[in-house]
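Residues per chain are reported as follows:
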Amino acid sequence: MPLVNSKEIMKKAYKGGYAIGAFNVNNMEIVQAITEAAGELKSPVILQVSKGARAYANSKYLKHMVEAACENYPDIPIVLHLDHGDSFELCKACIDDGFTSVMIDYSGHPYEENVEVTKKVCDYAHDVKARGRYITVEAELGTLAGVEDEVQVEFGKSSYTDPEQVQDFVNRTGVDSLAIAIGTSHGAYKFKAEQCERNKDGILVPPPLRFDILKEVEERLPGFPIVLHGSSSVPQEYVKIINEHGGKMPDAIGIPEDQLREASKLAVCKINIDSDLRLGMTAAVRKHFDEHPDHFDPRQYLGDGRKYVKDVVKHKILEVLGSENQA
Ligand code: G3H
Ligand code: 13P
Ligand code: ZN
């Protein structure tokens, strides 16, 4: 089937008590890994392109690779989404390029500016008469901590979503889904050691997600789809492989999967995962080079990377999102 927007699949996810995985794509192997996993498990899936990915791979390459995936897996709904669009112009460019969904992230700006720019993006994206199709829009209230190329918020500068703002924001902007900050964080180092406790085996345990905020948002916006960013779990088995094969990732820590599963049964309909794919790819490539110092054919090590990323995505669909057989 052709690319879809996220309206219907999120509605179904809300009712069904599961979430759709939104995975970041940067190259062909990652597009293939995610869609092979989703295709085999008959799961809807969101492929998202960040500003950094667009600059790295060129948005046309990524768009055509995602369209190729749609041809290969005609039975699953696939969304092509802009992740963390930081301006109206970037959102417009992606819509004009054929993206079916965009995020405008003005969460780091004052509230009224966030309302104004989000509404401007919605007015453009939702103009079916002009575009011939409805492009879904995600926005954000509250700011997540964490660091990735284009998204950088210091730990002290993050803030939880204020549930009192959500109805006003949604009513005034017309946005289709809302990303909220309840304690998730971008990147592979989501918490500092001093924010965590240690369990009896000395392993760091992060502070729990703020389910109280999520539930209050859900009460104020019944039936409205909520998005969680920064939701990688940083699987320690991959961190271990990386560190055993020449990498150096001390104290990498993520969000416990059981809490994400719990959130997906509530109003959370989209869960963003990027860092765990990076860890899978990196673990595979490091291991490959360590075990085969004579290899120099990219198909050999990138093929391993693709396999590891596919395993990560299958695990997420089955154990975290619950979106298998929902295509
Ligand atoms: O939330 C951010 C995404 O993981 C994208 O990261 O800007 O490094 O591509 P990036
Ligand atoms: P992670 O860094 O936790 O994978 O979050 C990705 C994300 O939120 C992309 O928008
Ligand atoms: Zn994000």
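Residues numbered from 1 in each chain as written. Chains lettered and ligands numbered in written order. Predicted model: local features only at pLDDT ≥ 70, side-chain atom pairs only at ≥ 80, totals over all residues. Heavy atoms only, no water.

## Thoughts on the state of the cysteines
The bond known as a disulfide is covalent and runs between the sulfur atoms of two cysteines. Quick reminder of the rule: By convention in this document, the label disulfide applies to cysteine sulfur atom pairs within 2.5 Å. Buried, partly exposed and exposed residues are distinguished by accessible area as a fraction of the type maximum, computed with a 1.4 Å probe on protein chains only: under 20%, between the cut-offs, and over 50%, respectively.
A full pass over the atoms with the stated rule returns zero disulfides. Of all cysteine sulfurs, the one in Cys 94 lies closest to Cys 91, which takes part in no disulfide; the gap is 7.0 Å. Assessed through its relative accessible area of 1%, Cys 91 is described here as buried. With no disulfide of its own, Cys 269 lies 17 Å from the sulfur of Cys 122, the closest cysteine sulfur. Since its relative accessible area comes to 0%, Cys 269 is described here as buried.

## Re the nonpolar core
Note the following rule: Remark: nonpolar core denotes a set of buried residues (Ala, Val, Leu, Ile, Met, Phe, Trp, Tyr, Cys) joined through side-chain atoms within 4.5 Å. The helix count covers DSSP runs of H or I at least four residues long, the strand count covers runs of E at least two residues long, and both are numbered beginning at the N terminus. Between two residues, a contact is recorded if the distance between any of their heavy atoms is within 4.5 Å.
Counting residues in hydrophobic clusters, the biggest one holds 104 residues, and the most contacted among them are Ile 34, Ile 78, Leu 178, Leu 214 and Ile 226. In terms of residue count, helix H13 (residues 298-321) provides more of this core than any other element does, eight residues in total. Look past the residues within four positions of Leu 178 in its chain and what remains in contact with it is Ala 139, Glu 140, Leu 141, Val 166, Phe 169, Val 170, Leu 221, Phe 224, Pro 225, Ile 226 and Val 227.

## Things to note about the site of ligand 2
What counts, and what does not: Proximity criterion: a residue is near a molecule or strand once any of its heavy atoms comes within 4 Å of it. Polar contact is the term for a pair of N or O atoms within 3.5 Å; when the atoms are in protein, one must be able to donate a hydrogen and the other to accept it, and sequence-neighboring residues count only if both atoms are side-chain atoms. For accessible areas, the Shrake-Rupley method is used with a probe of radius 1.4 Å. Any residue's cover is judged against the shown protein chains and nothing else.
Near ligand 2 there are 17 residues, and of these Asp 83, Lys 190, Ser 232, Asp 274 and Ser 275 occur at the shortest range. Contact distances for ligand 2 include 2.8 Å between an oxygen atom and a backbone N or O atom of Gly 187. Here an oxygen atom of ligand 2 and a side-chain polar atom of His 229 are 3.1 Å apart. When isolated, ligand 2 has an accessible area of 310 Å², and the protein chains bury 99% of it. Those elements that place two or more of their residues in the shell around ligand 2 are strand S3 (78-85), strand S9 (185-186) and strand S13 (268-273).

## Here's the deal with the coordination of the zinc ion (ligand 3)
Short version of the rule: Water is not among the atoms examined, so metal sites may look incomplete; donors are the N, O and S atoms within 2.8 Å of the metal, or within 3.2 Å for Na, K and Ca.
The protein atoms donating to the zinc ion (ligand 3) are His 84 (NE2), His 186 (NE2) and His 229 (ND1), with metal-donor distances spanning 2.0 to 2.1 Å. All donors to the zinc ion (ligand 3) come from one chain, and their sequence spacing reads H-x101-H-x42-H. Here His 229 lies in the loop between strand S12 (226-228) and helix H10 (236-244) and His 186 lies in strand S9, a separation of 43 residues in the sequence. The exposure class of His 186 is buried, given its relative accessible area of 8%. Exposure remark for His 229: the relative accessible area of 1% places this residue in the buried category.

## A look at the sheet that holds strand S2 (residues 45-50)
We apply this condition: Should DSSP find at least two bridges between two strands, the strands are taken to pair. Inter-axis angles, ranging from 0 to 180 degrees, are taken between N-to-C directions of lines fitted to C-alpha atoms, where helices are fitted over the stretch in contact.
Strand order around the closed barrel formed by eight strands is S1-S2-S3-S4-S5-S8-S12-S13, with parallel pairing between neighbours. Mean inter-strand twist for the sheet, computed between neighbouring axes without regard to direction, equals 25°. Of the pairings in the sheet, the one linking strand S5 (residues 136-141) to strand S8 (residues 177-180) comprises four bridges and is parallel in character. Across the sheet, the residue bridging to Leu 141 is Ile 180, located in S8. Running over the sheet, helix H1 (residues 7-16) touches strand S1 (20-24), S2, S3, S5, S8 and S13 and is turned about 115° from S13. Lying on the sheet, helix H6 (residues 111-125) is in contact with strand S4 (101-104) and S5; it crosses S5 at an angle near 175°.

## As for the side chain of Thr 184
Tracing the chain through its elements places Thr 184 in the loop between S8 and S9. Looking at Thr 184, its side chain comes within polar contact range of the main-chain oxygen of His 229, at 2.8 Å. Here Thr 184 is in contact with Leu 144, Ala 145, Leu 209, His 229, Gly 230, Ser 231 and Ile 255, once residues within four sequence places are set aside.

In short, shape yes, function no, at least from these values alone.
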